[in-house]
Amino acid sequence: MKRSAFTLIELLVVIAIIAILAAILFPVYSRAKASAKNIKEVVQAREIGMAVSMYLVDYDDTMPIFYAYNSDPPAGVEGHKGVEVLLFPYTKSEPIFLSPNDVGGPFASIDVPGATTYWQAYGSSYRFTQCMFSIVAGESSQNNTLYDFSRIVTSTMIQFPAESRMMRVEMFPFFSRKVDIDCARYFYDCDPPYNYYRTWSDIGGTVIYADSHAKFITGPGQFDAQYVSPDGHRSGDENPDSWTGDWYGVCD
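Because the structure is a prediction, the values reported are computed rather than measured.

1. Structural notes on a nonpolar patch on the surface
A surface patch of nonpolar side chains, about 400 Å² in accessible area, is lined by Leu8, Leu11, Leu12 and Ile15. Structurally, the position occupied by Ile15 is in helix α1 (residues 8-58). Of the residues examined, Ile15 reaches a relative accessible area of 47% and is grouped as partly exposed.

Okay, here's the thing in structure tokens:
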């Protein structure tokens, strides 16, 4: 009678083959999963851009009132104020402001204990470009602090709508201190208590432009070249009056 059982050597060979296949396929699967998340992020961002377009029709081309990072009260609690709240009638969905890459950040989880995403803390995974939205004194606020000046922005004031950053996903990989050495440019991956960074996507992030289209960008050069003010200042343009030395610090 012939034995049909595996020998030890045959079993080890099979295990080795499985291990090699796993080493090959797991990174492929991981990249495919990350790519799917990035695609979904762009699709959602386009819907947000279209919601802004519909808002403009109803409000005589006036951009929504600016709010950002308000945690008192936090998102989901009555009285919370955010740009996304003004857009809810047009998106018909609150989770559309949740990026599939949003895994929160050090500051958000401290500011709103228990929050595991920026969306959960502030209502949006996206940062609204301050200069592209309307500010109303005593109403607009950031980090629970009211603005003391007013500035109305209309869509017709925006000189380069297809190149102007209206919103962006909160985290980009080039915000990491591995790229932003000494936290000298984007001021995210800094030493505590000014540490805001956490990796969302290893590839890049989504930007929503003032003409409502959305695009996934991968490098700081693209980011710095985008316009961030209605009158056409680029994010990386020098501005000695800015705390960052450029228009990123004024408008982003």
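Back to the write-up after that little detour.
2. Comments concerning empty space enclosed by the protein
By rolling a water-sized probe across the atoms, one finds the places where empty space is left. Summed over all chains, the structure comprises 1 cavity of 30 Å³ or more. Counted as a void, the largest cavity has a volume near 100 Å³. Lining the largest cavity are 15 residues, and of these Ala68, Tyr69, Tyr122, Tyr126 and Phe128 lie nearest its centre. Only β1 (67-68), α4 (118-122) and β2 (126-128) provide two or more residues apiece to the lining of the largest cavity.

3. Here we look at the pairing of strand β5 (residues 165-169)
Burial analysis of β5 places 5 of its 5 residues in the buried class, the great majority of the element. Relative to β5, β2 runs antiparallel, the two sharing 3 bridges. By the bridge assignment for β5, Phe128 is matched with Met167. Pairing between β5 and strand β6 (residues 205-209): 3 bridges, direction antiparallel. When the sheet's bridge partners are listed, Met167 is paired in β6 with Ile208.

4. Describing the nonpolar core
Core analysis: the biggest nonpolar cluster contains 49 residues, and Phe133, Met167, Phe172, Phe175 and Phe223 have the highest contact counts within it. At 7 residues, α1 tops the list of elements feeding residues into this core. Ignoring anything within four residues of it in the chain, the contact list for Phe223 reads Arg165, Arg168, Phe172, Phe174, Phe175, Tyr186, Ile217, Ser235, Tyr248 and Asp252.

5. Looking at the layout of surface pockets
Approximately 480 Å³ is the volume attributed to the largest pocket. In terms of lining residues, the largest pocket is bounded by 21 residues, among which Tyr69, Arg127, Gln142, Tyr188 and Trp243 are the most central. The element that contributes the greatest number of residues to the lining of the largest pocket is helix α6 (residues 247-251), accounting for 4 residues. A per-class count over the lining of the largest pocket returns 13 nonpolar, 4 polar and 4 charged. Counted as a void, the second largest pocket has a volume near 200 Å³. Every residue lining the second largest pocket is counted, 11 residues in all, and those nearest its centre are Ala34, Lys37, Asn101, Trp200 and Asp202. Here the residues of the lining of the second largest pocket are counted per class, giving 4 nonpolar, 4 polar and 3 charged.

6. Some points on the pattern of salt bridges
Considering all chains together, one arrives at 7 salt bridges under this definition. We note a salt bridge from Arg177 to Asp191, for which the minimum N-O separation is 3.4 Å. One end of the pair, Arg177, is in the loop between β5 and β6; the other, Asp191, is in the loop between β5 and β6, and 14 residues separate them in sequence. Across the salt bridge formed by Arg185 and Asp224, the nearest N and O atoms sit 3.1 Å from each other. Of the two residues, Arg185 is situated in the loop between β5 and β6 and Asp224 in helix α5 (residues 220-225); the sequence distance between them amounts to 39 residues. On the basis of relative accessible area, Asp224 is assigned to the buried category, the value being 16%.

7. Details of the sheet that holds strand β3 (residues 141-142)
With mixed pairing, 3 strands are arranged side by side in an open sheet as β1-β3-β4. Among the strands making up the open sheet, the edge pair consists of β1 and β4 (145-146). Pairing of β1 with β3 involves 2 bridges; the strand directions are parallel. Looking at β3, one finds that Tyr67 is bridged to Ser141.

8. Here's the deal with the sheet that holds strand β7 (residues 214-217)
In spatial order, the strands read β2-β5-β6-β7; together these 4 strands make up an open sheet with antiparallel pairing. Two strands bound the open sheet, and with one partner strand each, they are β2 and β7. Strand-to-strand, the axes of this sheet are offset by a mean angle of 25°, without reference to chain direction.

Reading the values: rules and limits
- Within each chain, residues carry numbers counting from 1 in the order of the written sequence.
- Residues qualify for local features only when their pLDDT is at least 70, as the model is predicted, and side-chain atom pairs are given and counted only at 80 or more; totals for whole chains, interfaces and linings, by contrast, use all residues.
- To obtain the side-chain values, all non-hydrogen atoms of the structure were used and water was disregarded.
- Distance thresholds for patches are 9 Å for like charges and 5 Å for nonpolar side chains (Val, Leu, Ile, Met, Phe, Trp, Tyr), applied to residues having over 30% relative accessible area and no salt bridge.
- In short, Shrake-Rupley with a 1.4 Å probe defines the accessible areas, and a residue's cover is counted only from the protein chains shown.
- Here a salt bridge means any side-chain nitrogen of Lys or Arg lying within 4 Å of a carboxyl oxygen belonging to Asp or Glu.
- Put simply, DSSP H or I for four residues or longer makes a helix, DSSP E for two residues or longer makes a strand, and each gets a number counted from the N terminus.
- Between buried and exposed lies partly exposed: a residue is buried under 20% and exposed over 50% of the maximum accessible area for its type, with that area taken using a 1.4 Å probe on protein chains only.
- Within this scheme a cavity is a closed region of a 1 Å grid, computed over the protein atoms alone, that accommodates a 1.4 Å probe without allowing it to escape, whereas a pocket is open but has protein on both sides within 12 Å along at least five of seven lines; lining residues each have an atom within 4 Å of a point.
- Grid points are joined across faces, edges and corners, and a volume is the space filled by probe spheres set on the points.
- Should DSSP find at least two bridges between two strands, the strands are regarded as paired.
- Residue types Ala, Val, Leu, Ile, Met, Phe, Trp, Tyr and Cys, when buried and joined through side-chain atoms within 4.5 Å, form a set referred to as a nonpolar core.
- Only heavy atoms matter for contacts: two residues are in contact if any of them lie within 4.5 Å across the pair.
- All amino acids are sorted into three groups, where Ala, Val, Leu, Ile, Met, Phe, Trp, Tyr, Cys and Pro are nonpolar, Asp, Glu, Lys and Arg are charged, and the leftover types, Gly among them, are polar.
- Here an angle of 0 to 180 degrees is reported between the N-to-C directions of two axes, which are lines fitted to C-alpha atoms, with helices fitted over the stretch in contact.

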